Amino acid sequence: MVRLPFSGPVADKYGRVVVVTGAGSGIGRAIALRQAAAGDIVIATDIDLAAAEQTAKLAVGTCQAYALDVRDPEQWYEVADTVIARFGVPDILVNNAGIALAGAFLDQSPQDWEKIMSINVFGVVHGSRIIGAKMVERGQPGHIVVIASGAAWTPNRVAPSYSVSKSAAVMIAESLRVELAPKHIGVSAVCPGVTRTQLAANATLVGAGSAATDEFRTDFADAQSRYSFATPDLVARAVQRAIRFDLAIVPVNFDATLAWVLHRLSPGLLRWICSVPTLERAGSAARVAARRVPASIAFHRE
């Protein structure tokens, strides 16, 4: 196959079949809407079918909603077979579904680790393995995107399991990229920094009572909404750029790019910076930002 230099395997194809996980809200919804508007046939999947259906209603273009728990390989096979029977083998897979879990490393139980890894890591493994195999079997170009995070490069005391899971997601993407390149299947890891989504509002706080957890979520969600550098649509545009130019690693916004640069140039300095925030300090900072800092100096205004 011959294509222009620096263009992705499916960059110039129109009417591509695109599967997006976690498409019921936030980054996943933004990706689904942007790809549908670009003329793609979008399969918006989410564990919450009603949320995926709302995404489909908002789309300008073709967007179909399907229920999918990314932790379950059998559900992946069912969705893949249904989509292939109706639309053909997906051209693009966007592994976006993910959760956050906060709490010190020593406070997190094996069950906590299993929960976050089952979605943030094995959800990517199942989707990439099952859809990727269909792409290879078809023998035509494709692209797999993994939505990781700038947290992949930031060891920390606030959400260590989240950073570990996102670091693993990046390595999955890099390993797949090496393996699938001869098959003309591109693989990209898109790594947003803090983004204005509901990730913090839905996060689990280990070792805290329900009242403390609710307060933590509320403060962090408000701070995340007001002071994040990126919108979900900014991440969606980064996904389009990754597919168009077949990029391996795409830091999306300022904080993710800074973490990537420090990780490459001075890991020791990055570790020292990341050692400063504790869960208590992070919670206190979020509380101050949410309750005392005027909204007028936020990074954006609605």
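Scroll up a little and you will see the structure.
All of these numbers come straight from a predicted model, not from anything done at the bench. (Residues numbered from 1 in each chain as written. Predicted model: local features only at pLDDT ≥ 70, side-chain atom pairs only at ≥ 80, totals over all residues. Heavy atoms only, no water.)

Caption draft 1: Representation of the overall build of the chain within the structure. Along the backbone of the chain there are eleven helices and nine strands. When each of the 302 residues of the chain is scored for burial, the buried share is 50%. Long-range contacts, defined here as pairs at least 24 residues apart, represent 72% of the contacts in the chain between residues at least 6 apart. Surface exposure of the chain reaches about 14200 Å², of which carbon and sulfur atoms provide 58%. (Helix = DSSP H or I, 4+ residues; strand = E, 2+ residues; numbered from the N terminus. Buried < 20%, exposed > 50% of the residue type's maximum accessible area, 1.4 Å probe, protein only. Contact = heavy atoms within 4.5 Å. Areas by Shrake-Rupley, 256 points an atom, 1.4 Å probe, with all protein chains shown as cover.)

Caption draft 2: Local environment of helix α1 (residues 26-37). For α1, built from twelve residues, the straight-helix expectation of 16 Å at 1.5 Å per residue is met to within 8% by its first-to-last C-alpha distance of 17 Å. Taken together, the buried positions of α1 are occupied by Ile 27, Gly 28, Ala 30, Ile 31, Ala 32, Gln 35 and Ala 36. The inward-facing, buried residues of α1 contact β1 (17-20), β2 (41-46), α2 (49-58), β4 (92-95), β6 (142-147) and α8 (232-245). The positive-phi residue at the C-terminal boundary of α1 is Gly 39, with phi of around 100°. (Expected span 1.5 Å × (residues − 1).)

Caption draft 3: Geometry of the nonpolar core. Trp 76, Leu 93 and Met 135 are the most contacted members of the largest nonpolar core, which totals 35 residues. Going through the elements one at a time, β1, α3 (73-87), α5 (122-138), β6, α6 (160-180) and β7 (185-191) are the ones with two or more residues in this core. The dominant element in this core, judged by the number of residues it contributes, is α6, at six residues. Excluding residues that lie within four positions of it along the chain, Leu 93 makes contacts with Val 19, Trp 76, Gly 127, Ser 128, Ile 131, Met 135, His 143, Ile 144 and Val 145. Counting 27 residues, the second largest nonpolar core, distinct from the first, contains Ile 31, Ala 36, Val 94 and Val 252. (Core = buried A, V, L, I, M, F, W, Y, C linked by side-chain atoms within 4.5 Å.)

Caption draft 4: Local environment of the environment of Glu 53. Among the secondary structure elements, Glu 53 is positioned in helix α2. When its relative accessible area of 38% is taken as the criterion, Glu 53 is described as partly exposed. Measuring from C-alpha to C-alpha, the distance between Glu 53 and Ala 65 comes to 5.1 Å, with twelve residues separating the pair along the chain.

Caption draft 5: Broad picture of the pairing of β4. Side-chain alternation along β4 places Ile 92 and Val 94 on one buried face and Leu 93 and Asn 95 on a second face that is also buried. Sheet topology note: the β1/β4 ladder contains three bridges and is parallel. Residue pairing in the sheet places Val 19 in a bridge with Leu 93 of β4. Sheet topology note: the β4/β6 ladder contains four bridges and is parallel. Across the sheet, the residue bridging to Val 94 is Val 145, located in β6. (Pairing = 2+ DSSP bridges.)

Caption draft 6: Main features of the packing of helix α9 (residues 254-265) against helix α10 (residues 267-275). Two elements in contact, α9 and α10, have axes whose closest approach is 6 Å; the angle formed by their N-to-C orientations is 130°. Taken together, α9 and α10 sit at an angle that is classed as oblique. Residues Ala 259, Leu 262, His 263 and Leu 265 of α9 pack against Pro 267, Leu 269, Leu 270 and Ile 273 of α10. Looking at the contact of α9 with α10, its residues break down into seven nonpolar, one polar and no charged. (Axes fitted to C-alpha atoms, helices over the stretch in contact; angles between N-to-C directions. Parallel < 35°, antiparallel > 145°, perpendicular 65-115°, else oblique. Nonpolar A, V, L, I, M, F, W, Y, C, P; charged D, E, K, R; others polar.)

Caption draft 7: Structural context of unusual backbone geometry. Residue His 184 is not a glycine yet carries a positive backbone phi of 60°. By the element assignment, His 184 lies in the loop between α6 and β7. Given the relative accessible area of 30%, His 184 is considered partly exposed. Positive phi, normally seen in glycine, also occurs at Asp 246, with a value near 55°. With respect to the helices, strands and loops of the structure, Asp 246 is situated in the loop between α8 and β9 (249-251).

Caption draft 8: The side chain of Asp 69, seen in detail. By secondary structure assignment, the location of Asp 69 is in the loop between β3 (63-67) and α3. Among the polar contacts made by the side chain of Asp 69, one reaches the side chain of Arg 71 at a distance of 2.8 Å. (Polar contact = N/O pair within 3.5 Å; in protein donor to acceptor, adjacent residues only side chain to side chain.)

Caption draft 9: Broad picture of the pattern of salt bridges. Inspection of the entire model under this criterion finds eight salt bridges. For Arg 16, the salt bridge goes to Asp 40, with nearest N and O atoms at 3.0 Å. A residue pair is termed long-range when its members are at least 10 positions apart, and Arg 16 in the segment before β1 and Asp 40 in the loop between α1 and β2 qualify at 24 residues. Between Asp 233 and Arg 34 there is a salt bridge; the shortest N-O distance is 2.9 Å. Of the two residues, Asp 233 is situated in helix α8 and Arg 34 in helix α1; the sequence distance between them amounts to 199 residues. By sharing partners, the salt bridges in this structure join Lys 13, Asp 91 and Arg 138 into a single network. (Salt bridge = Lys/Arg side-chain N within 4 Å of Asp/Glu carboxyl O.)

Caption draft 10: Expanded view of the sheet that holds β4. The strand order across the open sheet formed by seven strands is β3-β2-β1-β4-β6-β7-β9, and the pairing between neighbours is parallel. Two strands bound the open sheet, and with one partner strand each, they are β3 and β9. Across the sheet, the axes of successive neighbouring strands diverge by a mean angle of 15°, strand direction being ignored. The strands touched by α3 are β1, β2, β3 and β4; relative to β3, the strand with the most contacts, the crossing angle is about 155°.

Read these as layout, nothing more, since geometry by itself doesn't imply function.
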